[in-house]
Amino acid sequence: IGWDGDPTKLSATLAGMEIGLYNSIGYIAQAVGLKTTTASKSAFICSLAVVTVPILDKLWGKPLLRRQIIGACLAAFGVYALELGGSSDALTEGDLLSLVQPVMFGLG
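Read on for a plain summary of the structure. Remember, it's a predicted structure, so these values are computed and weren't measured experimentally. (Residues numbered from 1 in each chain as written. Predicted model: local features only at pLDDT ≥ 70, side-chain atom pairs only at ≥ 80, totals over all residues. Heavy atoms only, no water.)

**Comments concerning helix H1 (residues 7-33)**
Part 1 of the argument: For H1, built from 27 residues, the straight-helix expectation of 39 Å at 1.5 Å per residue is met to within 8% by its first-to-last C-alpha distance of 39 Å.
Part 2 of the argument: The set of residues buried in H1 consists of Gly26, Ala29 and Gly33.
Part 3 of the argument: Elements that come into contact with the buried residues of H1 comprise helix H5 (93-107). (Helix = DSSP H or I, 4+ residues; strand = E, 2+ residues; numbered from the N terminus. Expected span 1.5 Å × (residues − 1). Buried < 20%, exposed > 50% of the residue type's maximum accessible area, 1.4 Å probe, protein only. Contact = heavy atoms within 4.5 Å.)

Here you go:
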C-alpha cells in the first residue's frame, strides 16, 4: 500500500481519493438533508443518480443518444410514481441538499 515511487500507483491512489471525496460529500449531503425532508422525497431525489450521469456527460461535451434521453425520462418518471405517489410538497432545503448526492455520485 502506498506510492512506492510507482507513478501508476500514485495515479490510482489519487483517483480513488477523488472518487471517495465525491461519495463522502454525497452521503453527508443526503444525511443532512434528511433533517428537513421526508425519507420518501430524499429517496426519490437520491435515486436520480441514474438520470444525472447522462446530464453530466452532456455538460462535458459527450453527445446524448436518444435511448439515453428516453431511459433517463422513464427512470425519473418511474421513481417519481413509486416514491412520491403524486404528492407535491414544496421544495425544502433538505430536498436541495439531497440533490447534491446524485450529482456527486454522477461525478464519481
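**Looking at the packing of helix H2 (residues 39-46) against H5**
Part 1 of the argument: Contact geometry for H2 and H5: axes closest at 8 Å, N-to-C directions at 35°. You can see that H2 and H5 cross each other, and the crossing is right-handed. Seen from H2, the contacting residues are Lys41, Ser42, Ile45 and Cys46; seen from H5, they are Asp95, Ser98, Leu99, Gln101 and Pro102.
Part 2 of the argument: Class assignment of the residues belonging to the contact of H2 with H5 gives a composition of 4 nonpolar, 3 polar and 2 charged. (Axes fitted to C-alpha atoms, helices over the stretch in contact; angles between N-to-C directions. Left-handed = near helix turned anticlockwise from the far one by under 90°. Nonpolar A, V, L, I, M, F, W, Y, C, P; charged D, E, K, R; others polar.)

**Details of the side chain of aspartate 95**
Part 1 of the argument: One can find aspartate 95 in helix H5.
Part 2 of the argument: Owing to a relative accessible area of 2%, aspartate 95 belongs among the buried residues under this scheme.
Part 3 of the argument: Looking at aspartate 95, its side chain comes within polar contact range of the side chain of threonine 37, at 2.5 Å.
Part 4 of the argument: Contact partners of aspartate 95, with chain neighbours within four places excluded, come to Thr37, Lys41, Ile45 and Ala90. (Polar contact = N/O pair within 3.5 Å; in protein donor to acceptor, adjacent residues only side chain to side chain.)

**A closer look at the packing of aromatic side chains**
Part 1 of the argument: Under the definition given, this model contains 1 aromatic pair.
Part 2 of the argument: Between tyrosine 27 and phenylalanine 105, the aromatic rings sit 5.0 Å apart at their centres with planes inclined by 75°, giving edge-to-face as the arrangement. Within this pair, whereas tyrosine 27 is found in helix H1, its partner phenylalanine 105 is found in helix H5, the two being separated by 78 residues in sequence. (Phe/Tyr/Trp six-rings, centres within 6.5 Å; stacked < 30°, edge-to-face > 60°.)

It is worth stressing that arrangement in space is one thing and function is another; only the former is reported here.
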